[in-house]
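Architecture and fold: a report
What follows is the residue order along each chain.
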Amino acid sequence: MTVEHDTLLWLSKSIGLFYLIGLSVAVMVYVYWPSNKKRFDRAASAILHDEDRPTEGVK
Amino acid sequence: MQVIATLTRSERQWALIILLVLFALGLALMAAGRNDPLAGHGALVMIAALAAIFAVISGYFTPEPGDERLDHYYDEPSKIGLVLAMAWAAVGMFFGVWVAALLAWPDLTFDAGWASFGRIRPVHTTGVIFGFGGNALIATSFYVMQRTSRARLPDQLSPLFVLFGYNLFCLLAVSGYMMGITQSKEYAEPEWYADIWLVVVWVVYFVIYLRTLARRNEPHIYVANWYYLAFILVVAMLHIVNNLAVPVSFGSAKSYSLFSGVQDAMTQWWYGHNAVAFFLTSGFLGMLYYYMPKRAGRPIYSYRMSIISFWGITFFYMWAGSHHLHYTALPQWVQSLGMTFSIMLLIPSWVSAGNALMTLNGAWHKVRDDAVLRFMMVAAVFYGLTTFEGSFMAIRTVNSLSHYTDWTIGHVHAGTLGWVSMITFGAIYASVPWLWKRPAMYSTQLVETHFWFAIAGTIVYVFAMWNSGIIQGLMWRTYNDSGTLAYSFVDSLIAMHPYYIARTVGGLLFLTGTLVGCYNVWMTIRTAPRTSTTGAEPALAEQPLLQPGE
Amino acid sequence: MFGFHYRLERKAIGLVLGIIFVASIGGIFEIAPLFTIHQTVEDAPNMRVYTPLELAGRNIYTREGCYACHSQMIRTLRDEVERYGPYSLAVESKYDHPMLWGSKRTGPDLARIGGKYSDEWHVAHLINPRDVVPESIMPRYNWLSHTALRTDDLSAHLRAQRAVGVPYTDEMIANAAADAAAQSAPESPLVEGLTKRYGEATTVRSFDGNPAELTEMDALIAYLQILGRLTDVATHPASAAGE
């Protein structure tokens, strides 16, 4: 393995940055995509009215 | 053994097979390590396996559970886990008070080698982080995962294997330190064989999680599970990488880390910091995101924000470890990177803390009346404070003062006492009545008592350490007029004495609260469910009972 | 594109992969370059490895958890350099598996403690720190001076060290136990072999003042006295090759 230190450094400093930006954009799009809203709202309130047994037969 | 009765016949057989293998492993360790402390651990494994074999055999012929078991969640592991968590809390915090006292009165070792500061300090850290925190995480994760997925655990045996296997690991760790078995890597002290055992346990844990999620009857995976899953996965990654080592021989408890010097330092603090992130933060945020909305009876303020902070935390934390190594022989660019990400980390952290507190909007009267919810509220506040302090301390110039001093200890305890313990106690007080089908805790008044002991203990402890840390840091760098250092190291040591006493008192207060909690949990479990015994305990009747589904 | 999100939340495995991917990047980008760091950091041609006795002492140091209160990393700050000596260089801990940089100074830094105090001082201090420093809060380690040092497995220790990259020779491994005994017995005929293998500068003396017995006290003090002195690159930068 003869990976140069400078090469690795360059990778860290460039790809790392783009990765960070790309990731944030992806997360934001996912979170604020309008059609996802319903699912999130449902999930948030679903835990409040669970019953004390597993749901059967749905799947 | 009640718990054996919940296993099917074939699971009882498998349990015996696994335990026999464990017994053989213990025997092998004992034989291979004849002239080594390793033999002691071999014996410990054998005894543990033997005790469990007897338990399984004694319950072997109890009737099998029928198919009606599938109509209920499998809560035995959660029940046992919560009790174990409380027990570890008492033990771990007792050792904490002891090590704190050693710094004020160094001869409290009673001349015993195993009781010196260096050996029992990891007993404290492992006892509270892995014993108390770990058991609480495992117990609540099984509870939360089943409810949010509306699916039962895939089987009865594997969750019990995870729980007991994990506790065996903790036992090996803690007893090892006192015998002088340690890797000397902070928060990763257990030696190679215990580390390998933990990997096995952890893989099973992960598989259980995936199998339950795969069988879920909800279209969406609730966000608490994301945090628990990140906790399981990333802890596995960290554990495996940081513990890569070559044992001296298979008959020796000692191993040598694969890494050395600067690489080892970076790997260690990449581990150390992310253990804080994914063990002490991610997992407990999972707890927060389930128990707080549940207890407050309100959905989480912003589900979207919880997802954003999830990815933020998962991403940013990984880069932040190098802030433990400012001004050291670590290359400067890694230090700067660590500092930058530590500061950015404040965003997802505060989003989480804010999200939790906003959830309580409209339920503040409940916070006032219900100490359980108040535990969770205080936890969120301390989470916000500690993450702010953490980002602040990661700044190079601040770190030059704070590093190596008690300030760091104060910071860590603001997080562990104020955030981790508070949310855990809140979750335990919420789940115990739910799990044991009781209307409420044995005594709500004692929950209140515990709360105030915990708050007082945390504040005394943290303020003592802030003061001592800053004084220490300043004394070390103070110059007199002639341009030489003004204080010797011993001068700073003398100045610490009153603060070391104060921190012992703070720890003692916190421990007292925990013992009150242990008693309360125990009495709740022991006392048969009361059917509206009006007047028997007025305090109970006056308190609003917050039940699931309220 | 939104099929991806759909799958991500439907399939737990997607979430798992997402977490692994997101979480591993930080570690990789930060740590991977450090493994090529030898291309850029200083080199110390005169750096020697720990003798078996010093290594045994180091293991006692870790066993007792000394690292919990004593750092071995002098930072590049003026007051630290004045208090403890030249700041620590990466190369100085290159044979430290694991490193003992520490994170807390309940006691002072020990990176350059070697040679600062006499052996007698260390013996007295370890037996009861408060005999020497009345204000000290360090535990007593009095049993070290009457606990015999275990040497039968030292060869295995050196072999494991070589497996992780410390350049011990076959000869060093074969003679580990003898070398450990020789280092604290200046009159012993075995000393010649020890200095041949580890260099003339190796400190050979009875560290605990009792040459008849090889104790854990000998080992620990041998280790403490070599701290910061495996190479002189920090005090004589001219001897550094790469810079």
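Conventions adopted
Residues numbered from 1 in each chain as written. Chains lettered and ligands numbered in written order. Predicted model: local features only at pLDDT ≥ 70, side-chain atom pairs only at ≥ 80, totals over all residues. Heavy atoms only, no water. Contact = heavy atoms within 4.5 Å. Buried area = accessible area lost by both parts, 1.4 Å probe. Salt bridge = Lys/Arg side-chain N within 4 Å of Asp/Glu carboxyl O. Polar contact = N/O pair within 3.5 Å; in protein donor to acceptor, adjacent residues only side chain to side chain. Helix = DSSP H or I, 4+ residues; strand = E, 2+ residues; numbered from the N terminus. Nonpolar A, V, L, I, M, F, W, Y, C, P; charged D, E, K, R; others polar. Domains from an automatic or database assignment. Disulfide = S-S within 2.5 Å. Buried < 20%, exposed > 50% of the residue type's maximum accessible area, 1.4 Å probe, protein only. Core = buried A, V, L, I, M, F, W, Y, C linked by side-chain atoms within 4.5 Å. pLDDT = per-residue confidence, 0-100. Phe/Tyr/Trp six-rings, centres within 6.5 Å; stacked < 30°, edge-to-face > 60°.

Glancing now at the interface of chain C and chain B. Every contact between the two is made by 79 residues of chain C and, on the other side, 91 residues of chain B. Taken together, both faces of the contact between chain C and chain B bury some 7400 Å²; the carbon and sulfur share is 66%. For the chain C face of the interface with chain B, the top three residues by lost area are E30(C), R75(C) and R83(C), together amounting to 10%. If you look at where chain C meets chain B, you find 5 salt bridges. A salt bridge links R140(C) to D107(B); the shortest N-O distance between them is 2.9 Å. Viewed at the interface, chain B and chain C are joined by 26 residue pairs in polar contact (both at pLDDT 80 or more). At the level of secondary structure, the elements contributing two or more residues to the side of chain C that touches chain B comprise α1 (2-10), α2 (12-31), α3 (52-63), α4 (78-84) and α7 (154-163) of chain C. Residue contributions to the side of chain C that touches chain B peak at 16 residues, all from α2(C). Residues that form the side of chain C that touches chain B fall into these classes: 39 nonpolar, 20 polar and 20 charged.

Attention shifts here to the domain arrangement of chain B. Residues and elements named next belong to chain B. Split into domains, chain B comes out as domain 1 (1-65) and domain 2 (76-534). For domain 1 versus domain 2, the distance between C-alpha centres works out to 30 Å. With 20 residues of domain 1 at the contact, the number on the domain 2 side is 20 residues. If you look at where domain 1 meets domain 2, you find 0 salt bridges. Applying the counting rule to domain 1 against domain 2 returns 7 residue pairs in polar contact (both at pLDDT 80 or more). Looking at the side of domain 1 that touches domain 2, the elements that each hand over two or more residues are α2 (9-32) and α3 (38-58). Of the residues forming the side of domain 1 that touches domain 2, the biggest block, 7 residues, is contributed by α2. Tallied by class, residues from the side of domain 1 that touches domain 2 come to 13 nonpolar, 5 polar and 2 charged.

With that out of the way, let us pick up the state of the cysteines. Evaluation of the coordinates by the stated rule reveals 0 disulfides over all chains. Residue C518(B) stays outside any disulfide, its sulfur separated by 16 Å from that of C170(B), the closest cysteine. For the unlinked cysteine C66(C), the closest cysteine sulfur is that of C69(C), found at 8.6 Å. Taking relative accessible area as the criterion, C66(C) reaches 15% and is therefore assigned buried.

For the structure shown, the criterion picks out 32 salt bridges over all chains. Salt-bridge contacts for R150(B) lead to E218(B); the nearest nitrogen and oxygen are separated by 2.8 Å. Of this pair, R150(B) sits in the loop between α5 (117-149) and α6 (157-179) while E218(B) sits in the loop between α7 (192-214) and α8 (223-242); the two residues are 68 residues apart in sequence, bridging distant segments of the chain. Overall, R150(B) belongs to the buried group, its relative accessible area being 12%. The partner of R75(C) in a salt bridge is E80(C), with the nearest N and O atoms 2.9 Å apart. Comparing R75(C) with E80(C) shows no difference in burial state: the two are buried. Connected via shared salt-bridge partners are D36(B), R150(C), D152(C) and D153(C).

Residues and elements named next belong to chain B. Examined against the element boundaries, S255 turns out to sit in strand β2 (residues 255-257). Within the local environment of S255, its side chain forms a polar contact with the side chain of E191, the two groups lying 2.7 Å apart. Setting aside residues no more than four positions away along its own chain, S255 makes contact with Q183, E191, W192, A245, V246, P247 and V248.

The next subject is α7(C). Along an α-helix, a turn takes 3.6 residues, which lines up residues three or four apart on a common side. With respect to burial, α7(C) is a largely interior element, 7 of its 10 residues being buried. Buried-residue contacts for α7(C) involve β1 (245-247) and β2 of chain B together with α3, α8 (170-174), α9 (176-183) and α10 (191-198) of chain C. Positioned one or two residues after α7(C), G165(C) has a phi angle of 115 degrees, which is positive.

We now examine the nonpolar core. Among the nonpolar cores identified, the biggest contains 211 residues, and Y291(B) and W419(B) are the most heavily contacted of them. Among the elements that take part in this core, helix α9 (residues 261-296) of chain B stands out by supplying 20 residues, more than any other. In this structure, W419(B) is in contact with L280(B), T281(B), F284(B), L285(B), L288(B), A379(B), A380(B), F382(B), Y383(B) and A414(B), ignoring residues within four places of it in sequence. Within the second largest apolar cluster, 55 residues are counted, among which are C66(C), V91(C), V123(C) and A219(C).

Parts of the model with low pLDDT should not have their predicted coordinates read in detail. Residue and element names in this part refer to chain B. With 96% of its residues at a pLDDT of 70 or more, chain B has an overall mean of 92. Per-residue pLDDT stays below 50 along residues 532-550; that stretch engages in 27 contacts with residues further than four places along the chain or on separate chains. Across the interface, the model reports ipTM at 0.91; the global pTM reads 0.92.

Here the focus is the packing of aromatic side chains. Residue and element names in this part refer to chain B. In this structure the tally under the stated criterion is 53 aromatic pairs over all chains. Ring geometry for F315 against W319: centres 5.9 Å apart, planes inclined by 45 degrees, an arrangement best described as tilted. By relative accessible area, which is 1% here, F315 ends up buried. Classification of W319 by relative accessible area gives buried; the value is 2%. One aromatic cluster in this structure is built from F130, F142, Y166, F169, W202, Y205, Y209, F231 and F279.

Our focus in this paragraph is unusual backbone geometry. Following H97(C), the chain continues to P98(C) via a peptide bond in cis, the omega torsion being -5 degrees. Inspection of the secondary structure puts P98(C) in the loop between α4 and α5 (119-127). Of note, the phi angle at F110(B) is positive, near 55 degrees, even though the residue is not glycine. Classification of F110(B) as exposed rests on a relative accessible area of 61%. In this structure, Y404(B) takes a positive phi of about 70 degrees despite not being glycine. Locating Y404(B) in the fold gives a position in the loop between α15 (396-402) and α16 (406-435). Residue Y404(B) is classed as buried on the basis of its relative accessible area, which comes to 1%.

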